[in-house]
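# Fold and geometry: a report
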Amino acid sequence: MTETAETSGQTPTRIQVGGTAGTEPYEVLVGRQLLGELPGLIGERTKRVAIIHPEALAETGDALRDDLAGQGFEVVAIQVPNAEEAKTAEVAAYCWKALGQSGFTRSDIIIGVGGGATTDLAGFVAATWLRGVRWIAVPTTVLGMVDAAVGGKTGINTAEGKNLVGSFHPPVGVLCDLAALDSLPVNDFVSGLAEIIKAGFIADPAILELIEADPEAARSPQGPHTAELIERSIKVKAEVVSGDLKESGLREILNYGHTLAHAIEKNERYKWRHGAAVSVGMAFAAELGRLAGRLDDATADRHRTVLESVGLPLSYRYDQWPKLLETMKVDKKSRGDLLRFIVLDGLGKPTVLEGPDPAMLLAAYGEVAN
């Protein structure tokens, strides 16, 4: 029998997502030794399980396959490229082929194990196979836990931009096993802090206070506040997406810093970490809010001090602005040619800035350019 968090004496935190606006609710579990929760999520009537995992987690994928096979499931492990290289139509087609060859039906289930790119792909494959099969997210990075695996947004990239092809397809459950973070490279861990800091600025300032109290500890999986930071960030996102699954209104605030970030990622051919790009994007959004007369100087400056204190970047190349601007015009958040940015009216007060003056955009970028 696989040990669960409950049988080991550790009770996981359970955060409900959905259950409003006609969405099916599911739980995000945060804790340790959570894989024993999988059979309950998979369900007794399920015959086949497909585990989609990156090359870097081959051992994890194999161990999970063997464990579930020992419990009577027919399991196929589908290995995909690492990070953003997995989010392509070609890789999705490879997954579809594997599902077809294994006789995957609507009563079967997909498990996505890995970082945000892997869970984005797994969710998209689940959304498109037989017009939608169930899936479970098992994120193994900070970014995957607090952002990609919560909310049901799935997708792949194209040559024209990030996440332009996708679907809203919530999982039946998310298992955030904090033990997976213990072996995460420091740069990957710190990258995930950008999304946590974003949650602090748009909704929960206590996050910022925890980081500011000990920035060095915030950079470590063993930090005293790691679990609380992750739980608080998930709760922010869960509350927002529960009321707006398909980004028709409120959910747009989660894109704080992301308009420029996605343009930087595309410009770097997805070699930059997502969190690094979001950090620059938030520094830019803070300057844009300041120049638009929306954001006070103290809160705008606080972006730089918090992001810099944990080692996140604050600048990007000045000569790339024309390319970035063109990419932002085809961003999912744009309306026609009208650029839309999330800015702050104050701490915890996100709002939309629509069609800002090009000179203001350039001036704001000048503040974060090198």
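Cut-offs used in this document
- Residues numbered from 1 in each chain as written.
- Predicted model: local features only at pLDDT ≥ 70, side-chain atom pairs only at ≥ 80, totals over all residues.
- Heavy atoms only, no water.
- Helix = DSSP H or I, 4+ residues; strand = E, 2+ residues; numbered from the N terminus.
- Polar contact = N/O pair within 3.5 Å; in protein donor to acceptor, adjacent residues only side chain to side chain.
- Axes fitted to C-alpha atoms, helices over the stretch in contact; angles between N-to-C directions.
- Parallel < 35°, antiparallel > 145°, perpendicular 65-115°, else oblique.
- Left-handed = near helix turned anticlockwise from the far one by under 90°.
- Contact = heavy atoms within 4.5 Å.
- Nonpolar A, V, L, I, M, F, W, Y, C, P; charged D, E, K, R; others polar.
- Buried < 20%, exposed > 50% of the residue type's maximum accessible area, 1.4 Å probe, protein only.
- Pairing = 2+ DSSP bridges.
- Right-handed = clockwise from strand over helix to strand, strands pointing away.

Glancing now at the side chain of K162. Counting through the fold element by element, K162 comes out in strand 8 (residues 161–168). A polar contact is formed between the side chain of K162 and the side chain of E265, at a distance of 2.7 Å.

Two elements in contact, helix 7 (residues 205–213) and helix 12 (residues 297–309), have axes separated by 10 Å at closest approach and are oriented at 50 degrees. In this view, helix 7 runs oblique relative to helix 12, as classed from their interaxial angle. In the packing of helix 7 onto helix 12, the handedness of the crossing is left-handed. Of the residues in helix 12, those touching helix 7 at L208, E209, I211 and E212 are R302, V306 and S309. When its residues are assigned to classes, the contact of helix 7 with helix 12 shows three nonpolar, one polar and three charged.

A few words now on the pairing of strand 9 (residues 173–177). Most of strand 9 is tucked away, with five of its five residues classed as buried. Every second residue of strand 9 is oriented toward a common face, with G173, L175 and D177 on one face and V174 and C176 on the other, all of them buried. In this sheet, strand 9 lies alongside strand 2 (residues 26–31) in parallel orientation, the contact comprising five bridges. By the bridge assignment, V28 is partnered in strand 9 with V174. Judged from the two bridges that link them, strand 6 (residues 134–139) and strand 9 form a sheet pairing that is parallel. Bridge pairing links A137 to V174 in strand 9.

Let's shift gears to the pairing of strand 3 (residues 48–54). Within strand 3, seven of the seven residues are buried, which leaves the element mostly enclosed by the surrounding structure. Covered by surrounding structure in strand 3 are R48, A50, I52 and P54 together with V49, I51 and H53, the residues of both alternating faces. Handedness of the crossover joining strand 3 and strand 4 (residues 74–80) through helix 2 (residues 58–69): right-handed.

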